[in-house]
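Coordinate analysis (summary)
Spelled out, the chains give:
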Amino acid sequence: MEKSCVLLIGILVLCCGAVGAEAAYMKYKDPKQPINVRIKDLMMRMSLEEKIGQMVQIDRTVASYEVMKNYSIGSLLSGGGSVPAENASAGMWVDMINGFQKGSLASRLGIPMIYGIDAVHGNNNVYGATIFPHNFLLSRDPILVKKIGAATALEARATGIPYVFAPCIAVCRDPRWGRCYESYSEDHKIVQAMTEIIPGLQGDIPNKSRKGVPFLAGQQKVAACAKHYVGDGGTNKGINENNTIISSQGLFSIHMPAYYNSIIKGVATVMISYSSWNGVKMHSNRELITGFLKNTLQFRGFVISDWQGIDRITTPAHANYTYSIETGVNAGIDMIMVPFNYTEFIDGLTFLVKNKFVPISRINDAVKRILRVKFVMGLFENPLADYSMTKYLGSKVHRSLAREAVRKSLVLLKNGESANKPLLPLPKKSSKILVAGSHADNIGNQCGGWTITWQGTSGNITTGGTTILSAIKKTVDPETEVVYQENPSASFAKANKFSYAIVVVGEPPYAETAGDSMNLTIPATGLSTIENVCGAVRCVVVLITGRPVVIQPYLPKIGALVAAWLPGTEGQGVTDVLFGDHGFTGKLPRTWFKTVDQLPMNVGDAHYDPLFPFGFGLSTKPVKAT
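Small disclaimer: the values here were computed from a predicted structure and weren't measured.

1. Overview of the nonpolar core
Counting 189 residues, the largest nonpolar core has Y229 and W592 as the members making the most contacts within it. Taken domain by domain, the makeup of this core includes at least three residues from each of domain 1 (44-392) and domain 2 (396-612). Here W592 is in contact with L413, L543, P548, V549, I551, A563, W565, P610, L611 and F612, once residues within four sequence places are set aside. Judged by nonpolar contacts, the second largest core, of 6 residues, contains L520, F593, L599 and M601.

So, in structure tokens, the structure goes:
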């Protein structure tokens, strides 16, 4: 009898264990299950509160372990300059992000969050990262752009970040726009070709993949974000967030094509533009977001707002937030970059759903898309980052790639008084040379906006890079005396018998609206440097700008003129071509105007009369070392 009881108890224990194991099994946690099965299983378990939480993206400054756990927040981001600490190391980033992620994993369903950042020219928020040239430089070499995408992915993963708000596929039609340097070109065909950065970031999409389905190749890649949908580069007078006044034919033939390419290449997310199309705010445009992007183009990733994007549906912003939530979500936006007042958004959307102003079908569509991206990214299997990839931040290989990108992208606009008397390439061996200008020894100016901080900053803002002055000193013969003065007088330039001068001047750093300019002139100190030096010495002027600027009045005094745009941290790429180690090959990605009164002016316009036409660029040949 005693043996029978023991046997019976043993059987009961085994049965209970089997039942418990079966109850613990959740399909959504099983990587062997198809993604659609995992999504369906997880959705069935989610409450309305958990679904709405997934639709929220907040800035790291208002996040905590408790917030992530209690609200089931779907995503975090670092806005421009939002960092764990000043000069934070890659390891500090990993630790911070993992801390937040552990809060998400401790929530009832353990849905991991996705961390995003504006990595628009490298992992540019991070101290010590390789800062690549801004997009405006990278307009002719899709293979190079793909490599830059892959390097950016590694440097983002080095800091534990799996999601980047890039690329910007705007078609800048007016250089007065403060974001023109984020655009590859005024020509949509070039912008389309440059979407090759997406497989660089995400990996090559497999053959016969279903159109529109997001893709990520593994843990060394990141989810990308095509932005800003749509027409952001065509606003009236180039004013940021303004109205793009254009016909349907114009919108779909100029501003839309790069989105076709991005979706075919499996881009994971699309960000909506602040701008309007013929008076209708894009964040409220259901026809273009749901009707065209989701239904016609069959995009299956998620649509994300811009920073406080739905707030700006009303004027003034946030004037009627309940209306903005209803309008933006019903338009088809899946994830809202709140980024601070998340409880206000959650409460507002919950009210709208419960009172049937926003249908539950719309919430389910949004959450399915967000979960699809998370499953594709492998976040459920690999939610936490480690230190194994920190070695990629600012690596020598990436800096070499950035240097290559610089030298291939610089555009030579003038070279001597005639083709028979070129000034470039410069001799490395001379008795004494002058280097001048506000941008010659300034890594911050060299990198421009979206570098360490949102607007960027002048000065020694990061580590590991090379200023143009430092690059010159490394390149010239040891016997060549290099004299540097930021803004020398004309008398100084004349009196010192310099063999030649290199003047490096340009725009101060800026981003977005702060960069809008109706006059497109560089600061007066830069112009005076050109006047003082080039009036006294044979000079090369290197322009560090995010777009064409007014230069025609100064051309007669300038011996050689180089558009270096915003080259990033690797100034050695500039000297590679100035001194002939490599030849100039770059071509203009947009038209260079004579006067701002001509703007907007793009190739093909009836009034096209440029100073330098679209695609212009003089060439030089490398000088053989002696």
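2. Re the sheet that holds strand β8 (residues 276-277)
One key point about sheets: their strands pair by backbone hydrogen bonds, in either a parallel or an antiparallel sense. The strand order across the open sheet formed by 3 strands is β6-β8-β9, and the pairing between neighbours is mixed. Only two strands of the sheet have a single partner each, and these edge strands are β6 (243-244) and β9 (280-281). Pairing analysis gives 2 bridges linking β8 to β9, with the strands arranged antiparallel. Within β9, the residue paired with S276 across the bridge is K281.

3. Side note on the domain arrangement of the protein
With domains assigned, the protein is organised as domain 1 (44-392) and domain 2 (396-612). Listed per partner, the contact involves 49 residues of domain 1 and 47 residues of domain 2. Of the roughly 4000 Å² buried at the junction of domain 1 and domain 2 (both faces included), carbon and sulfur atoms supply 58%. When residues of domain 1 are sorted by the area they lose upon contact with domain 2, L137, R176 and E186 head the list and together hold 18% of the total. Counting every contact that joins domain 1 to domain 2 gives 28 residue pairs in polar contact (both at pLDDT 80 or more).

4. Things to note about the state of the cysteines
Under the definition given, this model contains 2 disulfides. The side chain of C172 participates in a disulfide bridge whose partner is C180; the two sulfur atoms lie 2.1 Å from each other. On the sign convention where negative means left-handed, the S-S torsion of about -105° between C172 and C180 marks this disulfide as left-handed. Exposure remark for C180: the relative accessible area of 1% places this residue in the buried category. Note on cysteine connectivity: C534 is disulfide-linked to C539, with sulfurs 2.0 Å apart. Between C534 and C539, the S-S dihedral sits near 105°, and the bridge is therefore right-handed. Judged by relative accessible area, which is 8%, C534 ranks as buried. Residue C539 is classed as buried on the basis of its relative accessible area of 1%. When the bonded cysteines of the protein are numbered from the N-terminus onward, they pair as 1-2, 3-4.

About the cut-offs
- Residues numbered from 1 in each chain as written.
- Predicted model: local features only at pLDDT ≥ 70, side-chain atom pairs only at ≥ 80, totals over all residues.
- Heavy atoms only, no water.
- Core = buried A, V, L, I, M, F, W, Y, C linked by side-chain atoms within 4.5 Å.
- Buried < 20%, exposed > 50% of the residue type's maximum accessible area, 1.4 Å probe, protein only.
- Domains from an automatic or database assignment.
- Contact = heavy atoms within 4.5 Å.
- Pairing = 2+ DSSP bridges.
- Helix = DSSP H or I, 4+ residues; strand = E, 2+ residues; numbered from the N terminus.
- Buried area = accessible area lost by both parts, 1.4 Å probe.
- Polar contact = N/O pair within 3.5 Å; in protein donor to acceptor, adjacent residues only side chain to side chain.
- Disulfide = S-S within 2.5 Å.

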